[in-house]
Amino acid sequence: MNDLLNLSQFVLAIQLPLAMFPLLWFTSSTRLMGSHRNGWFLLAAGWSSAALITALDIYGLPDALHDAAAVFAHH
């Protein structure tokens, strides 16, 4: 059960940046959102969070790949 939890966390870690960057890009566009676009604080917080999460994902990727491969090797 723990192996499946680790595998699911690996998949979620890969998917989160793929969702965050387009979301921030589109919600920051005046052309698409008009007056409802993100303000400067949300832009700074969002892009900083996305960059930090992506950097941490890249840092942990080798260990996560090793753990994910171990799950498939055991089954």
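Coordinates for the structure precede this section.
This text gives an overview of the structure that appears in the document. (Residues numbered from 1 in each chain as written. Predicted model: local features only at pLDDT ≥ 70, side-chain atom pairs only at ≥ 80, totals over all residues. Heavy atoms only, no water.)

On to a nonpolar patch on the surface, then. Taken together, the side chains of Trp25, Phe26, Leu32 and Met33 define a hydrophobic patch exposed on the protein surface, amounting to about 440 Å² of accessible area. Of all elements in the fold, only helix H1 (2-27) and helix H2 (30-33) reach the threshold of two or more residues within the nonpolar patch. Relative to the helices and strands, Phe26 resides in helix H1. Looking at Phe26, the relative accessible area reads 45%, which means it is partly exposed. (Patch = residues over 30% accessible without salt bridge, like charges linked within 9 Å, V, L, I, M, F, W, Y side chains within 5 Å. Areas by Shrake-Rupley, 256 points an atom, 1.4 Å probe, with all protein chains shown as cover. Salt bridge = Lys/Arg side-chain N within 4 Å of Asp/Glu carboxyl O. Helix = DSSP H or I, 4+ residues; strand = E, 2+ residues; numbered from the N terminus. Buried < 20%, exposed > 50% of the residue type's maximum accessible area, 1.4 Å probe, protein only.)

Quick look at the packing of aromatic side chains now. The full count for this structure, using the stated rule, is two aromatic pairs. Look at Trp40 and Phe41: their rings are 6.0 Å apart centre to centre, the planes differ by 90°, and that puts the pair in the edge-to-face class. The residues Trp40 and Phe41 share a single accessibility class, namely exposed. (Phe/Tyr/Trp six-rings, centres within 6.5 Å; stacked < 30°, edge-to-face > 60°.)

Along the chain, the position of Asn38 falls in the loop between H2 and helix H3 (40-74). Take Asn38: its relative accessible area is 11%, and that puts it in the buried class. A polar contact of 2.8 Å, which involves the side chain of Asn38, links it to the side chain of Thr27. Within polar-contact distance, the side chain of Asn38 engages the side chain of Ser28 at 3.3 Å. For Asn38, the residues in contact, after removing those within four places along its chain, are Leu24, Thr27, Ser28 and Leu43. (Polar contact = N/O pair within 3.5 Å; in protein donor to acceptor, adjacent residues only side chain to side chain. Contact = heavy atoms within 4.5 Å.)

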